[in-house]
Amino acid sequence: MRVWLIRHGESESNAGLPTNGPGSSPLTRLGRHQAERVAASFQEPPELIVSSSFIRARETAAPTRERFPEVPYEEWPVQEFTYLGSLHGPSTTGEQRRPFADAYWERSDPVYVNGGGGESFRDLIVRARACVTRLTERPEEGLIAVFTHGIFMRALLWSLFTGTVAPDAAAMRAFRTFTATCVVPNGAIVELRPGGPEGLRAVAGATAHLPAPLTSSPPPIAEPTSP
């Protein structure tokens with residue numbers, strides 16, 4: 001069993017446009033192109049296609065679902081971290097929300113919840129760990145494609161790397177440092193495989209985008225002769 005964690009394509013929020021809540025930002029034209037490129041990168045049908053319920057993830061998964069209509073599709077709670085709650089107001093941009101976001105992370109309280117549908121950092125890690133458990137318990141032997149989000153992907157990876165399941169304030173600060181140094185671009189794919197103490201391990205440098213291996217080895221390169 002292999003897992004592809006796939007970040008959604010560029011959304012209107014990523015492009016700096018105003019949005020009406022964390023789940024309602026659709027893809028831009030570039031994001032739709034990135035979704036098509038992701039669909040084309042599959043060298044074989046996945047065993048299962050998973051998406052978060054957020055529109056940008058579902059729109060990114062759509063071309064892959066269209067390419068492989070026979071593959072089962074499910075929506076799991078792998079949506080983006082919604083820590084701002086009601087502070088993610090209607091028709092606001094990421095730049096307008098930035099002071100609230102900075103204040104949240106400076107607070108470093110892993111159980112704090114902003115009102116209006118906010119989520120605590122500890123809840124995010126619980127969701128990430130639940131996703132790991134769900135994946136390791138799946139019966140599929142092939143590829144599972146999970147269309148998800150940037151912070152969620154990094155939360156899952158960070159939890160695997162550190163073994164953190166119940167973060168304290170120091171762990172929350174460490175995660176913020178991790179997110180600043182671990183970049184997950186739109187349309188990026190991170191591969192997970194079984195193994196390691198946490199049940200899954202990350203593959204550093206996936207090669208799924210490369211051509212299939214040659215059927216035979218190319219002839220050896222002749223050694224240069226001495227002058």
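None of these values were measured; they are calculated from a predicted model.

Caption draft 1: Broad picture of the packing of helix H1 (residues 29-40) against helix H2 (residues 55-67). H2 packs onto H1 with a crossing angle of 40° between their chain directions and a minimal axis gap of 8 Å. As judged from the angle between their axes, H1 and H2 are oblique. The chirality of how H1 crosses H2 is right-handed. In contact with Ala35, Glu36, Val38, Ala39 and Ala40 of H1, H2 contributes Glu59, Thr60, Pro63, Thr64 and Arg67.

Caption draft 2: Seen up close, H1. Between its terminal C-alpha atoms H1 stretches 17 Å, which fits the 16 Å expected from twelve residues at 1.5 Å a residue. For H1, the elements touching its buried residues are strand E1 (2-7), H2 and strand E4 (143-148).

Caption draft 3: Seen up close, the environment of Tyr112. Relative to the elements of secondary structure, Tyr112 occurs in the loop between helix H3 (94-107) and helix H4 (121-136). A relative accessible area of 24% means that Tyr112 is categorised as partly exposed. At a separation of 3.0 Å, a polar atom in the side chain of Tyr112 contacts the side chain of Asn114.

Caption draft 4: The arrangement of the pattern of salt bridges in detail. If you walk through the whole model with that rule in mind, you get eleven salt bridges. For the salt bridge of Arg2 with Glu44, the shortest nitrogen-to-oxygen distance reads 3.5 Å. Highlighted residues: Arg2 in strand E1 and Glu44 in the loop between H1 and strand E2 (48-51), separated in sequence by 42 residues. Take Arg2: its relative accessible area is 25%, and that puts it in the partly exposed class. Judged by its relative accessible area of 43%, Glu44 is partly exposed. Notably, a salt bridge pairs Arg138 with Glu140, separated by 2.8 Å at the nearest N-O pair. Taking relative accessible area as the criterion, Glu140 reaches 16% and is therefore assigned buried. Via salt bridges that share partners, Arg2, Glu44, Glu191 and Arg193 belong to a single interconnected network.

Caption draft 5: Geometry of the nonpolar core. Membership of the largest hydrophobic core comes to 39 residues, with the highest contact counts inside it found for Phe121 and Leu156. Mapped by element, the contributors of at least two residues to this core are E1, E2, H3, H4, E4, helix H5 (150-162), helix H6 (169-181) and strand E5 (189-194). Considering every element that reaches this core, the biggest residue donor is H5, with eight residues. Other than its neighbours up to four places away in sequence, Leu156 contacts Leu5, Ala128, Cys131, Val132 and Leu192. Ranked by size, the runner-up nonpolar core spans eleven residues in total, among them Trp4, Val38, Phe68 and Ala145.

Scoring rules and cut-offs
- Residues numbered from 1 in each chain as written.
- Predicted model: local features only at pLDDT ≥ 70, side-chain atom pairs only at ≥ 80, totals over all residues.
- Heavy atoms only, no water.
- Axes fitted to C-alpha atoms, helices over the stretch in contact; angles between N-to-C directions.
- Helix = DSSP H or I, 4+ residues; strand = E, 2+ residues; numbered from the N terminus.
- Parallel < 35°, antiparallel > 145°, perpendicular 65-115°, else oblique.
- Left-handed = near helix turned anticlockwise from the far one by under 90°.
- Contact = heavy atoms within 4.5 Å.
- Expected span 1.5 Å × (residues − 1).
- Buried < 20%, exposed > 50% of the residue type's maximum accessible area, 1.4 Å probe, protein only.
- Polar contact = N/O pair within 3.5 Å; in protein donor to acceptor, adjacent residues only side chain to side chain.
- Salt bridge = Lys/Arg side-chain N within 4 Å of Asp/Glu carboxyl O.
- Core = buried A, V, L, I, M, F, W, Y, C linked by side-chain atoms within 4.5 Å.

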